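Residue-level listing of the chains:
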Amino acid sequence: PDFEKEKERAALHAVGMVSDGMWVGLGSGSTIAYAVRALGERVACGLDIQAVPTSRKTRELAASVGIPLRDLPDATHLDLTIDGADECDPRLDLIKGGGGALLHEKIVASASRRLVIIVDSRKPVPRLLHAFPLPVEVIPLAIGVVSFRLRALGAGVTLRRLPDGTPFVTDEGNRILDLTFVEPPEPTELARSLEAIPGLVEHGLFLGMTSTLVIGRNSGADVEIR
Ligand code: DER
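Residues numbered from 1 in each chain as written. Predicted model: local features only at pLDDT ≥ 70, side-chain atom pairs only at ≥ 80, totals over all residues. Heavy atoms only, no water.

- Named according to an unreviewed UniProt entry, the protein is Ribose-5-phosphate isomerase A originating from Sulfidibacter corallicola.
- As recorded by UniProt, the Pathway (unreviewed entry) comment attached to the protein reads in full: "Carbohydrate degradation; pentose phosphate pathway; D-ribose 5-phosphate from D-ribulose 5-phosphate (non-oxidative stage): step 1/1."
- Its UniProt record, at the heading Subunit (unreviewed entry), says of the protein: "Homodimer." (UniProt positions renumbered as here; feature names shortened; annotations may be inferred.)

The structure is reproduced here in structure tokens:
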């Protein structure tokens, strides 16, 4: 299957949900890039929106296609946030953070009335935490102590690095640890344990946050909506 075509179809469907006057959160990653470009075309045709990006990369892309940008403090509630995901399960719970923007993504999603997730057909899975490693954002100072606590929870812990071997640094200047589990815990239990670890700023489990999931399809209907 053509995953890029699936991403584009899901993105176009989500962009069709945006109307004049909306405040729109813009997620991060390659799927949302299709949505940002399509939104830029609609803005060029007169669509009146304000957008809040969730990463420097998304901010630069949105600016390049003429989308009006605002910082979050200007808006108490966004009408709609469109974002991608690394995995999604039958309850529409997500793993996000593959691109390292999970902290800003979760903040913007939490400030939105609706969260629309756009994915290709690889992302739906029967259960989270069995394939894609779970990203967590950690303050540099706390890497050692947090890694120790995570291993005590049964996680395999890997510091995310750039191709040149230096640690990946988030827009906030933090680090990302990618977690794997031999016996994956229930997502809600794991989220609670992670949120109790000092120095662990945010994790990539987005539970109970998704309003609509749009899955791009190659055959038949363009998209499947859940
Ligand atoms: O890093 C993120 O949270 C991204 O949204 C990621 O989950 C999806 O990225 P993709 O659209 O490039 O697969």
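## Details of the nonpolar core
Here comes step 1: By size, the foremost hydrophobic cluster in this structure holds 26 residues, and its most contacted members are Val18, Leu39, Ile49, Ile67, Ile82 and Ile118.
Here comes step 2: Those elements that provide at least two residues to this core are helix H1 (3-15), strand E1 (23-26), helix H2 (30-44), strand E3 (78-83) and strand E6 (112-119).
Here comes step 3: No other element matches the 7 residues that H2 contributes to this core.
Here comes step 4: Contact partners of Ile49, with chain neighbours within four places excluded, come to Val18, Ser19, Met22, Val24, Leu39, Val43, Ile67 and Pro68.
Here comes step 5: Residues Leu134, Leu150, Phe181 and Ala191 belong to the second largest nonpolar core, which totals 22 residues. (Core = buried A, V, L, I, M, F, W, Y, C linked by side-chain atoms within 4.5 Å. Buried < 20%, exposed > 50% of the residue type's maximum accessible area, 1.4 Å probe, protein only. Helix = DSSP H or I, 4+ residues; strand = E, 2+ residues; numbered from the N terminus. Contact = heavy atoms within 4.5 Å.)

## Things to note about the sheet that holds strand E11 (residues 205-206)
Neighbouring strands of a sheet are bound in pairs by backbone hydrogen bonds; such pairs are parallel or else antiparallel.
Here comes step 1: Here we have 3 strands laid out as an open sheet, ordered E4-E5-E11, and antiparallel in their pairing. Two strands bound the open sheet, and with one partner strand each, they are strand E4 (87-88) and E11.
Here comes step 2: When E4 meets strand E5 (residues 94-95), the two strands line up antiparallel, connected through 2 bridges. Counterpart to Cys88 in the pairing with E5 is Leu94. (Pairing = 2+ DSSP bridges.)

## Remarks on the packing of H2 against helix H3 (residues 56-64)
Here comes step 1: At their nearest, the axes of H2 and H3 sit 9 Å apart, and the two run at 25° to each other. When the axes of H2 and H3 are compared, the pair comes out roughly parallel. Handedness of the crossing formed by H2 with H3: right-handed. Residues Ala33, Val36 and Arg37 of H2 pack against Thr58, Leu61 and Ala62 of H3.
Here comes step 2: Tallied by class, the residues present in the contact of H2 with H3 amount to 4 nonpolar, 1 polar and 1 charged. (Axes fitted to C-alpha atoms, helices over the stretch in contact; angles between N-to-C directions. Parallel < 35°, antiparallel > 145°, perpendicular 65-115°, else oblique. Left-handed = near helix turned anticlockwise from the far one by under 90°. Nonpolar A, V, L, I, M, F, W, Y, C, P; charged D, E, K, R; others polar.)

## Comments concerning the sheet that holds strand E13 (residues 223-225)
Here comes step 1: Overall, mixed pairing links the 6 strands, which are arranged E2-E1-E3-E6-E12-E13 in an open sheet. Edge positions in the sheet fall to strand E2 (50-53) and E13, since each has one partner strand and no second. Each strand axis lies, on average, 20° off the axis of its neighbour in the sheet, ignoring direction.
Here comes step 2: As paired strands, E1 and E3 are joined by 3 bridges and run parallel to one another. Paired with Leu26 across the two strands is Ile82, which belongs to E3.

## Section: the UniProt feature "active site" (unreviewed entry) in the protein
Here comes step 1: As annotated by UniProt and renumbered to match this structure, "active site" (unreviewed entry) occupies Glu105.
Here comes step 2: Residue placement: Glu105 occurs in helix H4 (residues 102-110).
Here comes step 3: Aside from chain neighbours lying at most four places away, what touches Glu105 is Gly27, Ser28, Thr54, Asp83, Lys96, Gly97 and Phe206.

## Side note on the packing of H1 against H2
Here comes step 1: At their nearest, the axes of H1 and H2 sit 8 Å apart, and the two run at 45° to each other. The orientation of H1 relative to H2 falls into the category oblique. The interaxial crossing formed by H1 with H2 has right-handed handedness. Residues Glu4, Lys7, Glu8, Ala11, Leu12 and Val15 of H1 form the contact with H2, whose participating residues are Ser30, Thr31, Tyr34, Ala35, Ala38, Leu39 and Arg42.
Here comes step 2: Taken together, the residues of the contact of H1 with H2 break down into 7 nonpolar, 2 polar and 4 charged.

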